[in-house]
Amino acid sequence: MERLMKQLSIIVLFALSPLLAIGEAPREVVLGNMENIGMVIDVPDARFYDGVKLQVWEYYSTGQNQTFYLDFLDNDTVIIEAEFLKEKAFDVTDGVIQNNQPVQLWYVHPQSNIQKWKLDYVDEYFVFRSCLDNNYVLAVESPVQNGSKVVIQRFTGEMNQKWVIMPYKDERYKALFDEYKALHDKARK
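The text that follows walks through the structure, step by step, so that each part is easy to find. The structure presented is a predicted model; accordingly, all values stated were derived computationally and were not measured. (Residues numbered from 1 in each chain as written. Predicted model: local features only at pLDDT ≥ 70, side-chain atom pairs only at ≥ 80, totals over all residues. Heavy atoms only, no water.)

**Considerations on the overall build of the protein**
Helix and strand counts for the protein stand at two helices and twelve strands. The helix and strand sequence of the protein, counted from the amino end, reads α-β-β-β-β-β-β-β-β-β-β-β-β-α. Relative to its full complement of 189 residues, the protein shows a buried share of 50%. Long-range pairs, those at least 24 residues apart, make up 58% of the contacts in the protein between residues at least 6 apart in sequence. For the protein, the computed accessible surface area is about 8,800 Å², with 49% contributed by carbon and sulfur atoms. (Helix = DSSP H or I, 4+ residues; strand = E, 2+ residues; numbered from the N terminus. Buried < 20%, exposed > 50% of the residue type's maximum accessible area, 1.4 Å probe, protein only. Contact = heavy atoms within 4.5 Å. Areas by Shrake-Rupley, 256 points an atom, 1.4 Å probe, with all protein chains shown as cover.)

See below:
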């Protein structure tokens, strides 16, 4: 299982790494969690309003509530916006840094560190570090399953804190993500 996960992550990262290196990283993306690759960040019931808490849900390829836009402010700092409604971004609820603090959608405030994330590459996966405190990262409450909340946690290197970034608008990557998920599901049985 671990070997399969590593092989699959290398395929995805091989496809993305050159794009990240030359500043042409994909903008429209699906964010899959590495504890359970079939689970992606999701806006519950497509409710794009201020204060809605983000969750993970099983990936489905037509979900506008599962696609996001990476707005790069520099080489490694991003604001993660709802692709459907780019005026809403991932926001640390109330700007409070503590374990399991929920991440919500909120109107974009690009000058605020509450909505800025440092994109880091750790152990062949991506980590989103909060610009409020880089010891805290985007994570999912464990066990990762439908409805698990997206939160921030002190970085420990656990799989629920690591992400795969899949370009959404490119059919090749959508097919790769579907294959990646199917292989992962098969390995878990």
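**Considering the side chain of Arg129**
Within the element layout of this structure, Arg129 appears in strand β9 (residues 125-130). Residue Arg129 is classed as buried on the basis of its relative accessible area of 16%. At 2.8 Å, the side chain of Arg129 and the side chain of Asp120 are in polar contact. (Polar contact = N/O pair within 3.5 Å; in protein donor to acceptor, adjacent residues only side chain to side chain.)

**Quick look at the environment of Gln104**
With respect to the element layout, Gln104 can be found in strand β7 (residues 101-107). Residues Gln104 and Gln55 lie 49 residues apart in sequence; the distance between their C-alpha atoms is 9.1 Å. Not counting the four nearest positions on each side in its chain, Gln104 is found in contact with Gly51, Val52, Lys53, Leu54, Ala89, Phe90, Asp91, Thr93 and Asp94. Among the polar contacts made by the side chain of Gln104, one reaches the side chain of Lys53 at a distance of 3.2 Å.

**Section: the pairing of strand β8 (residues 117-122)**
Looking at chain direction, strand β5 (residues 77-82) and β8 are connected through two bridges and run antiparallel. Pairing of Thr77 across the sheet is with Lys118, part of β8. Two elements, β8 and β9, share six bridges in a ladder whose sense is antiparallel. Bridge assignment links Lys118 to a residue of β9, and that residue is Arg129. Connecting the antiparallel pair β8 and β9 is a turn made up of two residues, with Asp123 showing a positive phi of about 50°. (Pairing = 2+ DSSP bridges.)

**Considerations on the pattern of salt bridges**
One pass over the full model with this rule turns up five salt bridges. For the salt bridge of Asp50 with Lys88, the shortest nitrogen-to-oxygen distance reads 2.7 Å. One end of the pair, Asp50, is in the loop between β2 (39-42) and β3 (55-58); the other, Lys88, is in strand β6 (residues 88-92), with 38 residues separating them in the sequence. Residue Asp50 is classed as partly exposed on the basis of its relative accessible area, which comes to 31%. (Salt bridge = Lys/Arg side-chain N within 4 Å of Asp/Glu carboxyl O.)

**Description of the packing of aromatic side chains**
Under the counting rule described, the total for this entry stands at three aromatic pairs. Aromatic side chains Phe48 and Phe84 sit 5.1 Å apart centroid to centroid with 40° between the ring planes, which places their arrangement in the tilted category. Remark: Phe84 occurs in the loop between β5 and β6 and Phe48 occurs in the loop between β2 and β3; sequence separation between them is 36 residues. Of note, Lys86 hangs over the ring of Tyr69, and the distance from its end group to the ring centre comes to 4.9 Å. Across the ring face of Phe155, the terminal group of Arg129 is positioned such that the distance to the ring centre comes to 4.7 Å. (Phe/Tyr/Trp six-rings, centres within 6.5 Å; stacked < 30°, edge-to-face > 60°. Lys NZ or Arg CZ within 6 Å of the ring centre and 35° of its normal.)

**Quick look at the nonpolar core**
Considering soluble globular proteins, one finds that nonpolar side chains tend to be buried as a cluster. Leu31, Ile41, Ile80, Phe90, Trp117, Phe128 and Leu138 are the most contacted members of the largest nonpolar core, which totals 31 residues. Counting nine residues, the second-largest nonpolar core is a separate cluster that includes Met34, Ile37, Tyr59 and Val164. (Core = buried A, V, L, I, M, F, W, Y, C linked by side-chain atoms within 4.5 Å.)

**A word on the pairing of strand β4 (residues 68-72)**
Burial of β4 is extensive: four of the five residues sit out of reach of the surface. Relative to β4, strand β1 (residues 28-33) runs antiparallel, the two being bridged by two bridges. Across the sheet, Val29 pairs through a bridge with Phe68, a residue of β4. As judged from the five bridges shared by β4 and β5, these two strands associate in the antiparallel manner. Looking at β5, one finds that Tyr69 is bridged to Glu81. The turn linking β4 back onto β5 is made up of four residues.

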